[in-house]
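Residue-level structure breakdown
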Amino acid sequence: MFPARSIILFTTLSGAGFGALAWLGLLGLAGGLPEGIPTALLAGGLAIALSVAGLVASTFHLRHPERAWRAFSQWRSSWLSREGVFSVATLGAALAMVAAWMLCGPANWAVTVAGIATLLGALATVVSTAMIYRSLWAVPQWHNGWTVPVFLALAVATGGLVLCAALSWTGALTVSPAWLAIGTLLALFAAAVAKTCAWNAASHAVPASDTPSALGLSGRAASAHPLEAPHTSETWLQHEMAYRVARRHAGKLRRIAALLGLLVALPALLLALWLGGLGASLLLTLAALAGLAAVLVERWLFFAEARHKVTLYYGAEQV
Amino acid sequence: MTSLPESTQRKLGLVIDLDTCVGCHACAVACKQWNDTGVVAPLSDQNPYGTEASGTWLNRVHSFEARDDQGGFALHFPRSCLHCDNAPCVTVCPTGASYKRTADGIVLVDEDLCIGCGLCAWACPYGAREMDESQGVMKKCTLCADRIDNQHLPVEDRVPACVRTCPTSARHFGDLGDPNSEVSLLVAARGGVALMPESGCAPTNRYLPPRERRSAAAPVAETGEAAADAPGGFLGWLDRVLSA
Ligand code: SF4
Ligand code: SF4
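All values reported here derive from a predicted model rather than from experimental measurement.

1. Section: the nonpolar core
Side chains that are nonpolar tend, in soluble globular proteins, to be buried together. Among the nonpolar cores identified, the biggest contains 141 residues, and Trp 142 and Tyr 313 of chain A together with Trp 122 of chain B are the most heavily contacted of them. Setting aside chain neighbours within four positions, we find Trp 122 of chain B in contact with Met 1, Ile 7, Tyr 133, Leu 136, Ala 138, Trp 142, Glu 240, Met 241, Phe 303 and His 308 of chain A. Ranked by size, the runner-up nonpolar core spans 7 residues in total, among them Ala 153, Leu 154, Ala 194 and Val 295 of chain A.

2. Here we look at the interface of chain B and chain A
Tallying the contact residues gives 61 residues for chain B and 59 residues for chain A. Between chain B and chain A lies a buried interface of about 4800 Å² when both sides are counted; carbon and sulfur atoms form 61% of it. At the junction of chain B with chain A, the criterion picks out 3 salt bridges. For Arg 220 of chain A, the salt bridge goes to Asp 68 of chain B, with nearest N and O atoms at 2.8 Å.

3. A look at helix H4 (residues 109-134) of chain A
Along an α-helix, a turn takes 3.6 residues, which lines up residues three or four apart on a common side. Across its 26 residues, H4 of chain A extends 37 Å between first and last C-alpha, which sits within 8% of the 38 Å expected from 1.5 Å per residue. You can read the cap of H4 of chain A off the contacts: a side-chain oxygen lies 2.7 Å from the backbone nitrogen of Ala 110 of chain A, and it is on Asn 108 of chain A.

4. Structural notes on unusual backbone geometry
All names here are of chain B. A positive phi angle, near 50°, is found at His 83, a position not held by glycine. Tracing the chain through its elements places His 83 in the loop between strand S5 (71-79) and helix H2 (88-91). For His 83, a relative accessible area of 0% gives the class buried. Even without glycine at this site, Ala 202 takes up a positive phi of about 50°. As for its placement among the helices and strands, Ala 202 is situated in the loop between helix H6 (182-190) and strand S11 (206-208).

What counts, and where the lines are drawn
Residues numbered from 1 in each chain as written. Chains lettered and ligands numbered in written order. Predicted model: local features only at pLDDT ≥ 70, side-chain atom pairs only at ≥ 80, totals over all residues. Heavy atoms only, no water. Core = buried A, V, L, I, M, F, W, Y, C linked by side-chain atoms within 4.5 Å. Buried < 20%, exposed > 50% of the residue type's maximum accessible area, 1.4 Å probe, protein only. Contact = heavy atoms within 4.5 Å. Buried area = accessible area lost by both parts, 1.4 Å probe. Salt bridge = Lys/Arg side-chain N within 4 Å of Asp/Glu carboxyl O. Helix = DSSP H or I, 4+ residues; strand = E, 2+ residues; numbered from the N terminus. Expected span 1.5 Å × (residues − 1). Polar contact = N/O pair within 3.5 Å; in protein donor to acceptor, adjacent residues only side chain to side chain.

Everything listed here is a matter of coordinates, which is why it stays silent on function.
Put into structure tokens, the structure is as follows:
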């Protein structure tokens, strides 16, 4: 599948944003949010800004962004529509929570209530994003049980990293329970495990379709190969669904993503917890950036490596 | 509404005979022509007179070399929307632009609602939807809804343009939900199949597989010693007649 920049940015940024909102919601309902308006502004503002930036990036993928509001209407059947509804509802809850946090302090019934809504909404948004891909039978690399866990774990991990960095700059990371950092660590680890399993499963998956089946020749012909394409130059369909160019770099890119996540972000987070002070803030910022970069690479691969069933009509033997 | 109807009164669709299709592309051209000039906005082309001409087509004719136990054979394969019963392209649409008609099962796009997100094309395993690059909306086969319902056309023209045009009569149109319709009887007689039934999309259209080749057909070519020894010409003919 064609790795469109708008969608890679959208899923990465809004993943981190809603991941951070999920953590803030959890801290809010557990009464664990740190004191102080600057902290609320920076942490809450950053999480909301990332989520909104992701959503804005997604509209660049639309050919008619001026009609984007229509996408809220089909939540009964469409995960894309549900994603839109959940994201806007969650942003509303998050704004309410941050406002209550700033105006009445972190220990407050309004923060608790809005925190619950923010936590649930943020998780629902991330799951809906993943389900957009998970629900497509035509793309086997997406249509499997790993897509949702990977999206969730990566969102919670990158969201946690961003939040740790933000809180540390206002000196609040030590105030808030250390379990945000520990949870982020666990999420990073879970994401690495889930993604490894997903890559593993993809390389061992048994294709459900072959060219004879796509042509209605099952039982009539053993194989079929394209003789002549229907057109003389590449079509939109091929551009979108039969992306091939850099699949050979996949191995290298997987290692880069793993390196950024496991050998940069994870150790930086551990070191920061031990170090404290300004060094910690710098290290946590590095960890957050490395985490986001790892997800950008992972997302690029998520699209570029995925094969669509329509390639069966263009030379693929099995998909 | 992008929820699918529980059932449709009729299931209009195509039956395409892969045995008769000669891959002339007349159906694709007729489709392009009709849908370029019909009631909806035209199907745009990009760089139509250049070397890399491309454009939106709702019907594409592939040619394959298939192999069975008797060797290879050419297969021409027109590909267009199958008007699936369980159409994933409809349910994924966030705007309600994609829908399936309850009256006849035709899957359509309301171009005024479409935001051009492209998700429906990703959802279709058959590659039946194409983005119109200049209008930014999704296009697909309408089964010529603007012909089959058009009381102003002569009765013989109230069929999809591709069916009307096909010079070998390889394309048939009718109600596949009615077991006694001409198309359903044809499918039953010829063992018509759905494409990629494992998709769960439950396509309406059926393809009639190429007929088995007559077993008496001479082997394609003999090679090696047998071929070298076999006499040709009159003697060869005599040899074949006597050993038959
Ligand atoms: S063939 Fe594709 S576009 Fe047509 S109804 Fe089926 S899934 Fe939808
Ligand atoms: S491209 Fe248009 S018709 Fe297709 S899913 Fe998006 S809004 Fe619906």
